[in-house]
Amino acid sequence: MGARHAVVAGAGIGGLTAAVGLSRRGWRVTVCERASALTGIGAGIVLAPNALRALDSIGLGPDLWAGDALPGRVGLRTPDGTWLSRSDSGAVSARYGLSARAVHRGFLIDALAAALPAGVVRLGVSVTGVDDAGDTVVVRTSTGDLRADVVLAADGIRSVLRGQLFPAHRGLRHAGEAGWRAVLPGAGLPAQQAAETWGRGQRFGVVPLADGRIYVYATAVSGPGARPETDHHVELTRRFGAWHDPIPALLDRLNQRDPDPVDILHHDFHELAAPLPRMHVGRVALLGDAAHAMTPNMGQGGCQAIEDAVVAAHLLAPADDVPAALAAYTRARHRRTTRISHRSRRIGELARFSHPLAVSIRNLAVRAMPEALSLRALDTVLGWQPPSDPAPARASAPVNVTEQQ
């Protein structure tokens, strides 16, 4: 009997992580990606300790330790530069055993793809549906049918397979905001601290990447489909040009045209209108945005996709009964991802305050929160431990707290 076959729909962060985890546990894996090339589209991602620990558990830690950890103190500011809260990254490392790393998504995608055997990823191939064939699944693709023992649907926020498996679900809803993202060259700029600045219904974030570049993002209250009337740089300057340093200098760098222009991405925020009833049906499991699309306010969307992938691969590794393994996957992941999604939504609601009195009360409450208490509030998110098994891995530093749900 040959190796069991897994088809992964989508070669994003979650899909590729799942493919690595399964291939290192003896599965034959086919990843179908509709795009013609693997790309980490235009932005950064913060790999929090929970995500780094998950990647380390499938042997990918050494591939991601290059470059600097998230530097210095991180925190929240007001438009005049006043700090509302600050946390030392050293305290995060001491509490959770690892320091967060901010990398370009392209770097992470490349590292995951490089860890896969040749021929696993099929580009330009869309998964259009699945049919239950009892002891296998027939996977419908744009280039013909595949047969698999399990299908992992990592096909993103507008997942085709989620729509097929849960046709009565309410789907996505607009989260009340839109955002801009860009990655800037850091040469010639002073060292940056990671910080997010909250104004009245809008935010600006700065994250130094491990490779020396700077990831910037901004958000503003917005309705579905609304678009700025001017170009993005003009709009960002109008909104944030009078905010504290270094934001004006970063906006100037956004307007750079020589030698290479900076790409500014603009997008609406969406999330699932309600949690799915479960994260699997039969031999098909959903992971990442396909399973629990959430707002970006906690920076946990990609991190939770990585957790999903590692847990799914762990549970499938010894499983003769795939549907039972996927039911265990739902039990392991559904409650946790639902809680984090709800928490992210609540943070977004606070950030969207625009009335001056509401903003003042919010800022006072944030400033009054002791740093130690603020850090402890993240224990159930950042202190998560991946399941342990004999899969290839390099041990991480010990962690003070654990939370499996």
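Because the structure is a prediction, the values reported are computed rather than measured. (Residues numbered from 1 in each chain as written. Predicted model: local features only at pLDDT ≥ 70, side-chain atom pairs only at ≥ 80, totals over all residues. Heavy atoms only, no water.)

## Overview of the overall build of the protein chain
Each helix and strand counted, the protein chain has 13 helices and 18 strands in total. In terms of C-alpha radius of gyration, the protein chain reaches 21 Å, essentially the compact-globule figure of 22 Å for 405 residues. On the principal axes, the C-alpha backbone points of the protein chain span a range of 65 × 45 × 40 Å. When the 405 residues of the protein chain are sorted by exposure, 52% land in the buried category. (Helix = DSSP H or I, 4+ residues; strand = E, 2+ residues; numbered from the N terminus. Rg over C-alpha atoms; globule rule 2.2 N^0.38 Å. Buried < 20%, exposed > 50% of the residue type's maximum accessible area, 1.4 Å probe, protein only.)

## A few points about the sheet that holds strand β7 (residues 121-123)
Note: strands within a sheet are paired through backbone hydrogen bonds, in either parallel or antiparallel orientation. Strand order in the open sheet made by the six strands is β7-β2-β1-β11-β18-β17, with mixed pairing throughout. A single partner strand is all that each edge strand has here, and the edge strands are β7 and β17 (280-281). As paired strands, strand β1 (residues 5-9) and strand β11 (residues 150-153) are joined by four bridges and run parallel to one another. From the neighbouring strand, V7 faces β11, where its bridge partner is V151. (Pairing = 2+ DSSP bridges.)

## Overview of the sheet that holds strand β9 (residues 137-141)
Overall, antiparallel pairing links the three strands, which are arranged β8-β9-β10 in an open sheet. Whereas interior strands pair on both sides, the edge strands pair on one side only; in this sheet they are β8 (127-132) and β10 (144-148). Averaged over neighbouring strand pairs, the angle between their axes works out to 25 degrees when direction is ignored. (Axes fitted to C-alpha atoms, helices over the stretch in contact; angles between N-to-C directions.)

## A closer look at the packing of aromatic side chains
Scanning the entire structure with this criterion turns up three aromatic pairs. Taking 5.6 Å as the distance between ring centres and 40 degrees as the angle between the ring planes, the aromatic pair formed by Y215 and Y217 counts as tilted. When its relative accessible area of 10% is taken as the criterion, Y215 is described as buried. Linked through ring pairs, F204, F240 and W243 together constitute an aromatic cluster. One cation-aromatic arrangement involves R86 over W83; the distance from NZ or CZ to the ring centre is 4.2 Å. (Phe/Tyr/Trp six-rings, centres within 6.5 Å; stacked < 30°, edge-to-face > 60°. Lys NZ or Arg CZ within 6 Å of the ring centre and 35° of its normal.)

## Re unusual backbone geometry
The peptide bond linking D245 to P246 adopts the cis configuration, its omega dihedral lying at 10 degrees. The residue P246 is located in the loop between α6 (232-240) and α7 (247-254) in this model.

## Details of the pattern of salt bridges
Enumeration over the complete set of coordinates arrives at 14 salt bridges. The salt bridge involving D211 is made with R213; its shortest N-O contact spans 2.9 Å. Ionic pairing is found between E235 and R239, a salt bridge with its closest N-O pair at 2.8 Å. Of the two residues, E235 and R239 both sit in helix α6, four residues apart, roughly one turn of that helix. Residues joined by salt bridges that share partners form a network here, namely E177, E196, R203 and R352. (Salt bridge = Lys/Arg side-chain N within 4 Å of Asp/Glu carboxyl O.)

## Here's the deal with the pairing of strand β12 (residues 172-184)
The side chains of a regular strand alternate between both faces of the sheet. Counting buried positions along β12 gives ten out of 13 residues, so the element sits mostly inside the fold. Examined bridge by bridge, β12 and strand β15 (residues 214-221) share eight bridges and lie antiparallel to one another. Pairing of A178 across the sheet is with A220, part of β15.

## Considerations on the environment of H174
Residue position: H174 is located in strand β12. The spatial distance from the C-alpha of H174 to the C-alpha of F204 is 20 Å, given a sequence separation of 30 residues. Ignoring sequence-local partners within four residues, the contact set of H174 consists of S222, G223, P224, D268, F269 and H270. (Contact = heavy atoms within 4.5 Å.)

## Quick look at the side chain of E196
Within the element layout of this structure, E196 appears in strand β13 (residues 195-198). By relative accessible area, which is 14% here, E196 ends up buried. A distance of 2.6 Å separates polar atoms of two side chains, one belonging to E196 and the other to W198. Contact partners of E196, with chain neighbours within four places excluded, come to G75, L76, R77, R203, F204, G205 and Y217. (Polar contact = N/O pair within 3.5 Å; in protein donor to acceptor, adjacent residues only side chain to side chain.)

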